[in-house]
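Structural characterization, general
If you want the building blocks of each chain, they are given just below.
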Amino acid sequence: MNRIVERFARLKREGKKAFIVYIGAGDPSLDATRQLGLAFDKAGVDVLELGVPFSDPLADGLVNQLAAQRGLESGTTPPKVLETVTAIRRDSQIPVVLYIYFNLIHRVGLERFINDAAKAGVDGLLVLDLPPEEAGDYEALMRKAGLCNIYLVAPTTPEKRMEKIAKRSAGFIYYVSREGVTGMQDKVAADLAQSVAKIRAHTDLPVAVGFGISNPEQAKLVASVADGVVVGSAVVNQIAQHGRSPELISKVGEFVKSLADAVKSI
């Protein structure tokens, strides 16, 4: 069974919520990415999202744009990200999702990229700029390779389209809790519970909520209404602060554990 599907099924049996962490691959180096992935597994992270650096990351706010830039500067490429996933797999079975823009896949070739990702130990793809209407063979190739195709639902998504996205998704639905790009926010959207309920009316898949969750209090609040909580920019910001410090892994690991504990307390 796919690791993402397996993890959500186990959490459901245990009555627990999923904690998903996003980091930019290769920020500040690919070896740091490997070490962070292993530290996150121990800290209670359920799914690791690796952002594949891209020169024009349209869905990302400043914090994640800078992470992508640092990833590119450290020489990170899609094949090297897959090598890093393989390296993580030697020590961990944490589910891994690649957060990626379609250009990077298109350049390699859809079928080849999906097969290479599966071989490396990737469990799902979240292709930011590939809507279901333009997916072509993508979903069939993903199913064949045993990978989850994860789609985004936004606050502005009409209900009819939400239903279509829900039917065509695998693994979980990623609900973007606010309009705009990624980034830390002071508060969680007031209508979050209603939005999650609306998505659940169309699917049995777990609903994970991301974009803007910055601290343990917000993570706990989101976990009370969703099946999973995604934290990205707040963790990436910690990586930026500690940079190449020898304490990078331990400091970021501590921060992530505080978020994981908050999510697991629900």
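Our structure is the block above this text.
Residues numbered from 1 in each chain as written. Predicted model: local features only at pLDDT ≥ 70, side-chain atom pairs only at ≥ 80, totals over all residues. Heavy atoms only, no water.

A look at the pattern of salt bridges
Opposite charge on two side chains permits them to pair, given that their charged atoms come into close proximity. Going by this rule: Put simply, a salt bridge is a Lys or Arg side-chain nitrogen that is within 4 Å of an Asp or Glu carboxyl oxygen. To qualify as a helix, a DSSP run of H or I must reach at least 4 residues; to qualify as a strand, a run of E must reach at least 2; elements of each kind are numbered from the N terminus. Classification of residues uses two cut-offs on accessible area relative to the type maximum, computed with a 1.4 Å probe and protein chains only: under 20% is buried, over 50% is exposed, and between them is partly exposed.
For the coordinates displayed, the defined rule picks out 14 salt bridges. For aspartate 123, the salt bridge identified is with arginine 3, shortest N-O distance 2.6 Å. Here the residue aspartate 123 occupies a position in the loop between helix 6 (110–120) and strand 4 (124–127), and arginine 3 occupies one in helix 1 (residues 3–14), the gap between them amounting to 120 residues. According to the relative accessible area criterion, aspartate 123 is buried, its value standing at 3%.

Here we look at the sheet that holds strand 7 (residues 173–176)
The test is simple: By the convention used here, strands pair only if DSSP detects at least 2 bridges between them.
Spatially, 5-4-3-2-1-9-8-7-6 is the arrangement adopted by the nine strands of the open sheet, whose pairing is parallel. The open sheet terminates on both sides in strands that have one partner only, identified here as strand 5 (148–150) and strand 6 (152–153). Bridge count between strand 4 and strand 5: three bridges; the pairing is parallel. Bridging across to strand 5, leucine 126 finds its partner in isoleucine 150.

Thoughts on the environment of leucine 110
Selection criterion: In this analysis, two residues are considered to be in contact whenever any of their non-hydrogen atoms come within 4.5 Å of each other.
Relative to the assigned elements, leucine 110 resides in helix 6. Apart from the residues within four sequence positions on either side, leucine 110 is in contact with Phe102, Ile105, Asp137, Tyr138 and Leu141.

Considering the packing of helix 6 against helix 7 (residues 138–145)
Pairs of packed helices are described in terms of their axes, by the angle between the two and the distance that separates them. Counted only if it meets this: The convention used is that axes are lines fitted to C-alpha atoms, helices contributing only their stretch in contact, and that angles between N-to-C directions extend from 0 to 180 degrees. Any angle between 65 and 115 degrees counts as roughly perpendicular, while under 35 counts as roughly parallel, over 145 as roughly antiparallel, and the rest as oblique. By convention, the crossing between two helices is left-handed when the near helix turns anticlockwise from the far helix through less than a right angle, and right-handed when the turn is clockwise. The nonpolar class holds Ala, Val, Leu, Ile, Met, Phe, Trp, Tyr, Cys and Pro. Asp, Glu, Lys and Arg form the charged class, and all remaining residues, Gly among them, are polar.
Across the interface, helix 6 lies against helix 7 with an axial gap of 10 Å and an inter-helix angle of 30°. If you check the angle between helix 6 and helix 7, you find them roughly parallel. Along this stretch, helix 6 crosses helix 7, giving a crossing that reads as right-handed. Where helix 6 abuts helix 7, its residues Leu110, Glu111, Ile114, Asn115 and Ala118 lie against Tyr138, Leu141, Met142, Lys144 and Ala145. For the contact of helix 6 with helix 7, the per-class residue count stands at seven nonpolar, one polar and two charged.

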